[in-house]
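The lines below spell out each chain.
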Amino acid sequence: MRWTLAMRLLVRNWRSGEQRILVAALVIAVAASTTIGFFTDRLGRGMENQSADFLGADLALVSAHPVNASWLHRARVEGLQALETLEFASMVVGNDDLLLSSVKAVQDGFPLRGKLKTARAPFAADAVTDALPQAGEAWAAPQVLTTLGLEVGDSIDVGEYPFIITRVITFEPGQVRDPLGVAPRLLIRMTDVPATGVVQPGSRLSWQYLFAGSDNNIAAYRRWLEPQLESGHELIGVKEGRRAVGSALERAERYLGLSVLAAIILAGVAVAMAAKRYSERHYDTSAMLRCLGASQKDLLGLYIPQLMVMGIIASAIGCLLGWVAQFGLLYLLADLLPASTVSAHFWPVWAGFSTGMITLAGFALPPIIRLKAVPPLRVLRRDLLPLPLRAWLVYGAALVAIVLVMWRYTDSWPLTLSVLAGGIGLVALLSLIAWLLLLMSQRLNTRVGVAWRFGLNSLWRRARSSISQIIAFGLTLMAMAIVTLVRTDLMTTWQRQLPADVPNHFAINVLPHQVTGFQTFMGEKNIDTSQLYPMIRGRLVTINTLPVREAVTKEARKNNALNRELNLTWTSKLQEDNHIEAGRWWVPEDTGKALVSVESQLANRLGIALGDTLGFSVGGQQFSAEVASIRSVQWDSFQPNFYMVFPPQVIDKFPATYMASFYLSQEQKSLLRTLVGQYPAITVLELDQVIEQVTKIFRQVTLTVEYVLLFTLLAGFTVLFAALQSSQDDRLYEGALLRTLGGSRAQLRAGHLAEFCALGVLAGLLAAMGTECLAWVLYSEVLHLDYHFHWLLWLIMPAVGALLIGVAGFWGTREVVERSPMLLLRNQQG
Amino acid sequence: MITTRNLSKRVETAVGSLDILTGIDLEIEAGEAVAIVGVSGSGKSTLLGLLAGLDLPSAGDVFLSHYRLNELDEDGRAKVRAELVGFVFQSFQLLSSLTALENVMLPLELKGEKNPQEKATQLLHRVGLEERLTHYPKQLSGGEQQRVAIARAFVTEPAILFADEPTGNLDNVTGERIIELLFGLNQEKGTTLVLVTHDEHLADRCGRLIRLEAGRITSNKKNGSID
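Owing to the predicted nature of the structure, the values given are computational and were not obtained by experimental measurement.

So, how was this worked out
- Each chain carries its own residue numbering, running from 1 in the direction its sequence is written.
- Think of it this way: whatever chain is written first is A, whatever ligand is written first is 1, and the rest follow in order.
- The model is predicted, so local features are restricted to residues of pLDDT at least 70 and side-chain atom pairs to those at 80 or more, both for listing and for counting; the totals for chains, interfaces and linings are taken over all residues.
- Any two residues are considered in contact once their C-beta atoms, placed from the backbone, lie within 7 Å.
- By definition, any uninterrupted DSSP run of H or I lasting at least four residues is a helix, any uninterrupted run of E lasting at least two residues is a strand, and each is numbered from the N terminus.
- For this classification, Asp, Glu, Lys and Arg are treated as charged, while Ala, Val, Leu, Ile, Met, Phe, Trp, Tyr, Cys and Pro are nonpolar and the rest, including Gly, are polar.
- Counting other C-beta atoms within 10 Å of a residue's own tells you its class, since 20 or more makes it buried, 12 or fewer makes it exposed, and anything in between is partly exposed; those C-beta atoms are placed from the backbone.
- Linking buried Ala, Val, Leu, Ile, Met, Phe, Trp, Tyr and Cys residues through C-beta atoms within 7 Å yields a set, and such a set is a nonpolar core.
- Where helices are involved, their axes are fitted lines through C-alpha atoms of the stretch in contact, as for all axes, and angles between N-to-C directions lie from 0 to 180°.
- Roughly parallel refers to an angle under 35 degrees, roughly antiparallel to one over 145, roughly perpendicular to one between 65 and 115, and oblique to any angle outside these ranges.
- It is the rotation of the near helix from the far one that decides the hand of a crossing: anticlockwise by less than a right angle makes it left-handed, clockwise makes it right-handed.
- Note: pLDDT gives the predictor's confidence per residue, expressed from 0 to 100.
- We call two strands paired when DSSP finds no fewer than two bridges between them.

Caption draft 1: Region of interest: the interface of chain A and chain B. Taken residue by residue, the interface counts 22 residues in chain A and 25 residues in chain B. Looking at the side of chain A that touches chain B, the elements with two or more residues in it are helix H1 (2–15), helix H9 (283–291) and helix H10 (296–332) of chain A. For the side of chain A that touches chain B, the element with the highest residue contribution is H9 of chain A, accounting for five residues. Each residue belonging to the side of chain A that touches chain B can be placed in one class, and the counts come to eleven nonpolar, seven polar and four charged.

Caption draft 2: Up close: helix H1 (residues 44–51) of chain B. Residues and elements named next belong to chain B. Of all eight residues in H1, eight are buried, a share of seventy percent or more. Every buried residue of H1 is accounted for by Lys 44, Ser 45, Thr 46, Leu 47, Leu 48, Gly 49, Leu 50 and Leu 51. Backbone geometry just downstream of H1 places Gly 53 in the positive-phi region, at approximately 75°.

Caption draft 3: Structural context of the nonpolar core. In this structure, Leu 22, Ala 25, Ala 32, Ala 267 and Val 271 of chain A together with Val 194 of chain B are the most contacted members of the largest nonpolar core, which totals 181 residues. For this core, the leading source of residues is helix H8 (residues 243–281) of chain A, giving 16 residues. In this structure, Ala 57, Ala 60, Phe 110 and Tyr 221 of chain A belong to the second largest nonpolar core, which totals 44 residues.

Caption draft 4: Expanded view of the packing of helix H3 (residues 100–111) of chain B against helix H5 (residues 142–154) of chain B. All names here are of chain B. Packing of H3 against H5 leaves a shortest axis separation of 8 Å and a crossing angle of 25°. Here H5 runs roughly parallel to H3, going by the angle between their axes. The handedness of the crossing between H3 and H5 is right-handed. The residues of H5 that touch H3, namely those facing Ala 100, Asn 103, Val 104, Leu 106 and Pro 107, are Val 148, Ala 151 and Arg 152.

Caption draft 5: Examining the confidence of the model for chain A more closely. Residue and element names in this part refer to chain A. The pLDDT averaged across chain A works out to 80; a share of 85% of its residues lies at or above 70. The least confident element of chain A, judged by mean pLDDT, is helix H26 (residues 821–829) at 56; the most confident is strand S6 (residues 137–140) at 94. Low pLDDT, under 50, characterises residues 176–180; the stretch is placed with eight contacts to residues that sit more than four places away or in other chains.

Caption draft 6: Focus on the environment of Glu 706 of chain A. Turning to its location among the elements, Glu 706 of chain A is positioned in helix H21 (residues 688–726). Glu 706 of chain A sits 218 residues away from Thr 488 of chain A along the chain, and the two C-alpha atoms are 9.9 Å apart.

Caption draft 7: Molecular detail of the environment of Ile 508 of chain A. Residue and element names in this part refer to chain A. Mapped onto the secondary structure, Ile 508 falls in strand S12 (residues 505–510). A count of 22 C-beta atoms within 10 Å places Ile 508 in the buried class. C-alpha separation for the pair Ile 508 and Pro 534, spaced 26 residues apart in sequence, amounts to 9.6 Å.

Caption draft 8: Seen up close, the sheet that holds strand S5 (residues 67–68) of chain B. Reading across the sheet, the four strands line up as S2-S1-S4-S5 (chain B) and stay open at both edges, with antiparallel pairing between neighbours. One side of each edge strand has no neighbouring strand; the edge strands of this open sheet are strand S2 (16–28) and S5 of chain B.

Caption draft 9: Region of interest: the confidence of the model for chain B. Across chain B, the average pLDDT comes to 87, with 98% of residues at or above 70. Predicted complex metrics record ipTM = 0.88 and pTM = 0.68.

Caption draft 10: Expanded view of unusual backbone geometry. Residues and elements named next belong to chain A. Across the junction of Phe 110 and Pro 111, the peptide omega takes the value -10°, indicating a cis bond. Looking at the secondary structure, you find Pro 111 in the loop between strand S3 (97–106) and strand S4 (116–119). Positioned with a positive phi, Asp 96 is a non-glycine residue whose angle comes to about 65°. In this structure, Asp 96 sits in the loop between strand S2 (81–94) and S3.

Caption draft 11: Inspection of the pairing of strand S1 (residues 59–63) of chain A at higher detail. Residue and element names in this part refer to chain A. Strand direction decides the pairing type here: S1 and strand S10 (residues 205–212), joined by five bridges, are antiparallel. When the bridges of S10 are listed, Leu 61 appears paired with Tyr 209. Bridge count for S1 against strand S11 (residues 233–237) is five bridges, and the pairing is antiparallel. Its bridge partner being in S11, Leu 59 is matched across the sheet by Gly 237.

Caption draft 12: Structural view of the sheet that holds strand S3 (residues 33–37) of chain B. Residue and element names in this part refer to chain B. The strand order across the open sheet built from six strands is S6-S7-S8-S3-S9-S10, with neighbouring strands paired in mixed fashion. Of all strands in the sheet, those with a lone pairing partner are strand S6 (85–89) and strand S10 (216–222), marking the two edges. Sheet twist, expressed as the mean angle between neighbouring strand axes with direction ignored, is 15°. Here S6 runs beside strand S7 (residues 160–164); their pairing, made up of five bridges, is parallel. When the sheet's bridge partners are listed, Gly 86 is paired in S7 with Leu 161.

Caption draft 13: Up close: the pairing of strand S7 (residues 155–158) of chain A. Residue and element names in this part refer to chain A. Across the two faces of S7 the burial differs, with Ile 156 and Val 158 buried and Ser 155 and Asp 157 not buried at all. Pairing of S2 with S7 involves two bridges; the strand directions are antiparallel. In the strand pairing of S7, Val 92 is matched with Val 158. Bridging between S7 and strand S8 (residues 161–171) involves four bridges; their strand directions are antiparallel. What sits directly across from Ile 156, in S8, is Phe 163. The turn joining S7 and S8, which pair antiparallel and follow one another in sequence, is formed by two residues; a positive phi near 60° is taken by Gly 159.

Caption draft 14: Quick look at the environment of Val 106 of chain A. Summarising the element assignment, Val 106 of chain A is placed in strand S3. Setting aside its immediate chain neighbours within four residues, Val 106 of chain A contacts Thr 85, Leu 132, Leu 187, Arg 189 and Met 190 of chain A.

Caption draft 15: Highlighting the packing of H3 of chain B against helix H4 (residues 116–126) of chain B. All names here are of chain B. One way to put it is that H3 packs onto H4 with a least axis distance of 9 Å and a crossing angle of 125°. Taken together, the axis directions place H3 and H4 in an arrangement best described as oblique. Considering the relative orientation of H3 and H4, their crossing is right-handed. Together, Ala 100, Leu 101, Val 104, Met 105, Leu 108 and Glu 109 of H3 and Pro 116, Gln 117, Lys 119, Ala 120, Thr 121, Leu 123 and Leu 124 of H4 make up the contact between the two elements. The residue inventory of the contact of H3 with H4, partitioned by class, reads nine nonpolar, two polar and two charged.

Caption draft 16: Quick look at H3 of chain B. Residues and elements named next belong to chain B. For H3, the buried fraction is high: eleven of the twelve residues fall into the buried class. Those residues of H3 lying buried are Ala 100, Leu 101, Glu 102, Asn 103, Val 104, Met 105, Leu 106, Pro 107, Leu 108, Glu 109 and Leu 110. Just past H3, the residue Gly 112 takes up positive phi, approximately 75°.

Structure representation (structure tokens):
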């Protein structure tokens, strides 16, 4: 019975439009959460697919020996595609000339992810292909052809077998991991390998096993495989394989999480405000119902089911809108999204729905519960109010809701709790500041015109509600500001990382006697070239005189740096994108001293500290150097970078080749032919494809970030309107009173405008303070961006606040001057 | 039907405590119609609130039928109200989101009675609003709204009806009609009627008149009798 009555009341109240704001706020919260959930899930997986295109697979296992055949069998049983490829270095012969080439033998189906790109001639336009070399054919990197003076159609010998070169290979998934470590590529069929006779016991080989399949299958297989790996095995997943884009993606993911959180909390605040007003408008009804004999339980039995049904309906609408909205976004981003469509998972619906219900319970339940405490005597004395709810109930419920939602997005208790503690402290501090600001504005009161006096007085008279409005608006502006600010700084950081003239070519194997000629050539052609760095291949053999394998942890033994030769260099000038984290960079006196600067991630993994002595082996000669600095390196900057850097005159006795990076526009590409013609030994690596891929991912992320920002802004506006609505009843009554006392409409409007502008300025100031504090924490702790003081914020925020809240308030209170004062006063009295 | 013993109400104010009612002893029989009159601030509405169990006295007792209201908690008193009491207010107190019919159905629905619609429709016919069943309060005139309130008050056939200035918001002619309706129904249903009013004409229609001055009963007499 109660249920039927509750539903009937719900329908009747709905017709009168009372719950619409509450439902709208909730719909926005759920729609934001669901859209972003769907979208980031799909885009995130789409981006992982692109990274998989990079890797050529979802998972790759690299090994120096063939692995147990049962491993591949197991992968196929688990529903994965599995392929093996073989790489080996071999001297190839063409035109009676020799070249060290990196030969890769592949099977049908290669690559499992992404596409090969080929061209008809070196440096000619390339295109995507699904084909592979036929038996007896080889595809060669441009350097093979230019170095050996061959053309497509010529013959090239690998071991004992002559291959015909049929295409030039320009992009190969999986090759970008270490472009400098790879000699120019020759791609052949696996079935042709035995005929070459190159693969003998003791040959240095690298087997790569590629796997692709659904996320779950890959994860399950990985769990099965990992414990069986031995030293010499290296497993590369999509995340490990995307070093170039890794940091950008991680920051973007954190940013998206942050924006969703901001949107949901803002919508929660709007829900709380709307629920409070809904509750206040039902005091009379509750008193009347109590008068007619309804018990407290009856009242809860009438209102809570209404709230629940509203929540379910709003959440369902929100989910539906979210689902539709993500299609819109996917459509808009269609050009950028990977062609392989990623189907939608169901979890965002579930997550959106639970977000809706949690938000409703946390923010709307306390004011609704208050209805049961309305005294029945209110039917005779309208000034009687229910006892205020205990603060712990109101804030406790909201906090629990926030914690739950936050935990879902951060997936980390320490982070959730520390952000929460910070948040509570911030709100307390903001309340104090809001009160002080209000007090200061009150002082101005005697020095301003009548409209401003009316407005400022009005703020002061409702000090409590003004403070909560200043905080609500302040937090809203703050959320909007922080999300915008972070977006701008993320973009700037990315753009700085990848400017239009980011080096897109590396020249390696420049011989010492060619250095001057190379520099002159580049100078004459006006090509922007980096410093030329000497490159010496060497191995790290001891740490503090202990053989390196004994000196490091078991885990670190798998590290690639131990298994292959490293590029060593020397320079007196610290590279621009490097940063000394410990120790110091070379001073002129260090020249000739046995010192070395180590890259920080490698130092970390191998447990190398400042002052340690490292032993190196170069071409069979041993020498040692003391670690003088630990250096962070921005690996995704496309500049030449090194793990080990020595001061001048320490390792220059060893034979070195030189390398440099430079930028060439598409029109300048033909210069490469001239360069390679003049210096046939120089190998030029083209990174255009890699850069294009990275740029494309950044563009996608940028667009996503902008859409997410839109939702946060939308949620912010609901707060704005809910807050205006919450003080509407008081304002209507006061406005009516003032008009009966002879106040003109113009005076009232000017007063309202002044009041809201003042509110906006105060909220803007508060938001500027909060934004600076929060940005500082976020930048340094979460997003790892450089923090700088945003002085412009202190001008813009109050102005934006005044404009936004002034206009919205002015528009929202137009009813105050339009409705008949007689009617309003009678209603208020009755 | 209604008994009070030494009933007092004292409230604390900023300037000290204030006695609103002092030593009220009353006995109201079933079926009686009693008017409580007095100037503004004499304590009429406070007394009505106490008699109906909407508020608790500072001292003394209120008995409604066989219930001692002071002993009951707020939910207990609500139950007594649901069982025994109907209300008519000066400001009508209709729920604006409900139609006339739905407003009248409400107390029946709260009591969990069957066929609330049928009974409510009957009552609205009785008060002459058969054409107005689906109208919302704001679509009705003041007199019509008060008739809906009267229908709502009588629909549960309460033993006692409390009315607070039922004609206070109405013009004379409409007020007169409302008075006729109220007393007509009162007689039909045999309800005990307690009404608070300024309106001497209305008070005269009651069988007994209780006058309050500064929170004390200064006269309590049957209409037509001599002081």
